[in-house]
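Coordinate inspection notes
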Amino acid sequence: MAANVYASATDGGSGGDSAQTRSGTGVRTAGATIDCPDVGSKLTSVPEPARGEVDKELALLDEQIAKAYQRLSESAQQVQQDPGFADNAVVNPLKEKRAATLERIAIAIDRVGERPEGLEALAACTVEDGNQAPAQAEGQDGAGAGQSGQEQGGPGQEPGNGQGQGANGGQAGNGPVAADFADIKSVQPNVNNPGPQGDASRGSFATSCGVNENGLFNSDNIIAAPGVSNGAHHFHDYVGNQSNNAFASDQDLAKAETSCDDQGDKSSYYWPVVRLQNGAQEQDADKPGGGIEGNAGEIVTPKQVTLTFVGNPREKVTAMPRLLRIITGDAKSFVNGPANANASWSCTGFEDRQLKDKYPLCPQGSDVVRTFKFQSCWDGRNIDSANHRTHVAFADAAGNCPSGFRPIPQLVQRIVYDIDAPSLQDGGRTTPLFAVDSFPEQLHKPVTDHGDFINIFDEDLMGEMVDCINDGRTCGAGADGGQNPGPSEEPQEEPTKTPEAPQEEPTKTPEAPQEEPTKTPEAPQEQPTRTPDAPQGGNDAGKPGDKGDGADDGKGEASKPPADKPAPEPESAGASTAPGRAEPEVKATSTAGGGNAAEQGGGSKDDSGEDADGLGESQAVGTATSAAPTPSAPSQTEPQAVGGGGLADTGAQLWPAAAGAVLVIAGFVVLRRVRRG
């Protein structure tokens, strides 16, 4: 990994020299941020005709805060010299802009409904210490409850140099900091799941949509800010629907391509990208939502993404309505407080321990895991709401939905990253820190993590999901890690070749059939390799459907077929795959004993059993994946793995011919003697 070439200006652990204090206020300017009331969460009722205009004005409020934060971060020296500078140059102008925007929101609603009261009170903002935890607040939907990582404490909180202006694409002084991390081994198990009772729906349905190997990113948010470019002010990973951007209509989403194995799932699943704070220049380094708004560093492609829908521990689930939109977590929870926060960070092997407001430090051999458990109760009427929350809700601790709500399949989204624990003792210079993208004023705090989902399942497939979950079964294209091996995938031992060309050197053993007999039909010289590459940073964003033909990502080289191995015949039309889908069929080239990738349990694994190909469970290739897919029809005449070639086999093939030759010679001798006699 590249060394970290900068330090965050918010690296202000206790007593750090970089944490300068503004006179009279106690606010550390090096770690200061803008704290404004969240208007969107307060607008629980907006008439449908006014929603488009209101959404655009809410997005403008976000933009105003982002620019004010940038102004504040660029003025640290002036703020230190003049205690009134922050108010006069940043906070007061921001209040005036917000007041005008809030008035336009009130007018838009008043045209078609009842004018909202009290919006003007939400105009004022303050400058707060970015090193402090968010204010505690009562949870509104149950998401904020649970263990807090705040008291866990990370090892070492070393301050950086306070410059925060890394020329190679650093975080521009807005985090993360050493105090944002905690050793997962110091956390006590804290996951409690209610046991199923009565009429519980005990099944699960998994869909497999890849890890964003197509490189689809943007800083839009079609749910919270439709029609507004850069509405999120941070970059998202997208899997599933390949047409999600701020301007996509419902019709655009419905006819889009999908990266999901099952083409009946065109749903959109998206979340903020994770970046290594290593100074790397990414594709968005000089773009809104990217480097110019403090989101910089190397984008990390997930190692694995699993999308599983589960049931309710008390009753049967009902189908989700098409185009249902759900946001889980709160992207502004660092300043809003944890009421709607729903972040969960952990490590593989330690997932009974979840952190809410800390990034995990995972031991060697363990990977970072983000988990989102989405709301699982629906009001039965609306596919969205004015604040994008009140139409769905969380079940309580016992699994009961609120009055008037009905249980729906709960999306559980698990994202795994191969990220080394950062070196906190030197501020991430040896091994870089990592963080999620965020609104600039949210300082990349882990509590701001969130996920978004739009249901675009085919209605028949949604019906199958509901039946599967209610019947207690395990179903779906991702239920076996994306692999559905058929009989044709078994690498069967082929009969030995006819003795027409016994040209093999008698040195090979049946256990290592690395060569074929030299007679090869049509002597093909190329192996089509359909293993898709997973771009490690998104700079080479792939087009939907790009299979990466002819490419080898370097994984599984030990099982690459020998150069003289005959290539399979071209796939039939029926064997084609959907965009972004990894075909589970493989040709085994490992041993003559018939071992195949399907027996490995789904996905390419390294020696530790973890997914090693970077494509997650949707990539159905095992230790023999460098070979091309098996043809759909077994019309190949050459053996797949010839067990012969040894001395005994050569003799077995030649002795009948030799015996015949001896008899012929003997016959000639007898005939000659008879003639002489």
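Everything here concerns the structure above.
Below is a summary of the structure that appears in this document. This one's a predicted model, so the numbers in the text were calculated from it and none came from an experiment.

About the criteria used
Residues numbered from 1 in each chain as written. Predicted model: local features only at pLDDT ≥ 70, side-chain atom pairs only at ≥ 80, totals over all residues. Heavy atoms only, no water. Disulfide = S-S within 2.5 Å. Helix = DSSP H or I, 4+ residues; strand = E, 2+ residues; numbered from the N terminus. Buried < 20%, exposed > 50% of the residue type's maximum accessible area, 1.4 Å probe, protein only. Phe/Tyr/Trp six-rings, centres within 6.5 Å; stacked < 30°, edge-to-face > 60°. Pairing = 2+ DSSP bridges. Salt bridge = Lys/Arg side-chain N within 4 Å of Asp/Glu carboxyl O. Patch = residues over 30% accessible without salt bridge, like charges linked within 9 Å, V, L, I, M, F, W, Y side chains within 5 Å. Areas by Shrake-Rupley, 256 points an atom, 1.4 Å probe, with all protein chains shown as cover. Lys, Arg positive; Asp, Glu negative; His and termini not counted. Charge placed at Lys NZ, Arg CZ, Asp CG, Glu CD.

1. Observations regarding the state of the cysteines
Going through the model one piece at a time under the given rule, you end up with five disulfides. Each sulfur in the disulfide pair C347 and C362 lies 2.0 Å from the other. What sets the handedness of the C347 and C362 disulfide is the S-S torsion sign, and at about -85° it is left-handed. A residue pair is termed long-range when its members are at least 10 positions apart, and C347 in strand β12 (residues 345-347) and C362 in the loop between β13 (359-361) and β14 (368-373) qualify at 15 residues. Each member of the pair, C347 together with C362, is buried.

2. Points about the packing of aromatic side chains
Describing an aromatic ring pair means giving the distance of the ring centres and the angle of the ring planes. Within the structure shown, the criterion is met by 10 aromatic pairs. With a centroid separation of 5.3 Å and 85° between ring planes, the pair formed by F181 and F434 is classed as edge-to-face. With a gap of 253 residues between them, F181 in strand β3 (residues 181-183) and F434 in strand β19 (residues 434-436) connect regions that are remote in the sequence. Comparing F181 with F434 shows no difference in burial state: the two are buried. Arranged with centres 5.5 Å apart and planes meeting at 85°, the rings of F309 and F457 form a pair that is edge-to-face. Linking F309 in strand β10 (residues 304-310) with F457 in the loop between β20 (450-454) and α7 (459-470), this pair joins segments that are 148 residues apart in sequence.

3. Brief notes about the sheet that holds β19
Taken together, the three strands give an open sheet; going across it, the order is β9-β8-β19, and neighbouring strands pair in antiparallel fashion. Looking at strand neighbours, the two that pair on one side only are β9 (298-299) and β19, the edges of this open sheet. Sheet topology places strand β8 (residues 274-276) next to β9; two bridges connect them, and they run antiparallel. From the neighbouring strand, R275 faces β9, where its bridge partner is I299.

4. Comments concerning the pairing of strand β18 (residues 410-417)
Here β18 lies mainly inside the structure; seven of its eight residues are buried. Note: β10 against β18, seven bridges, orientation antiparallel. By the bridge assignment for β18, Q304 is matched with V416. When β14 meets β18, the two strands line up antiparallel, connected through six bridges. Looking at the pairing, F372 lines up with Q413 of β18.

5. Points about the pattern of salt bridges
For the structure shown, the criterion picks out 18 salt bridges. Between E48 and R51 there is a salt bridge, with the nearest N and O atoms lying 3.5 Å from each other. One continuous salt-bridge network, built from bridges that share partners, spans D38, D62 and K332.

6. Things to note about a negative patch on the surface
Together, D458, E459, D460, E464 and D467 make up a region of like negative charge exposed at the surface. Considering the arrangement of structural elements, one finds E464 in helix α7.

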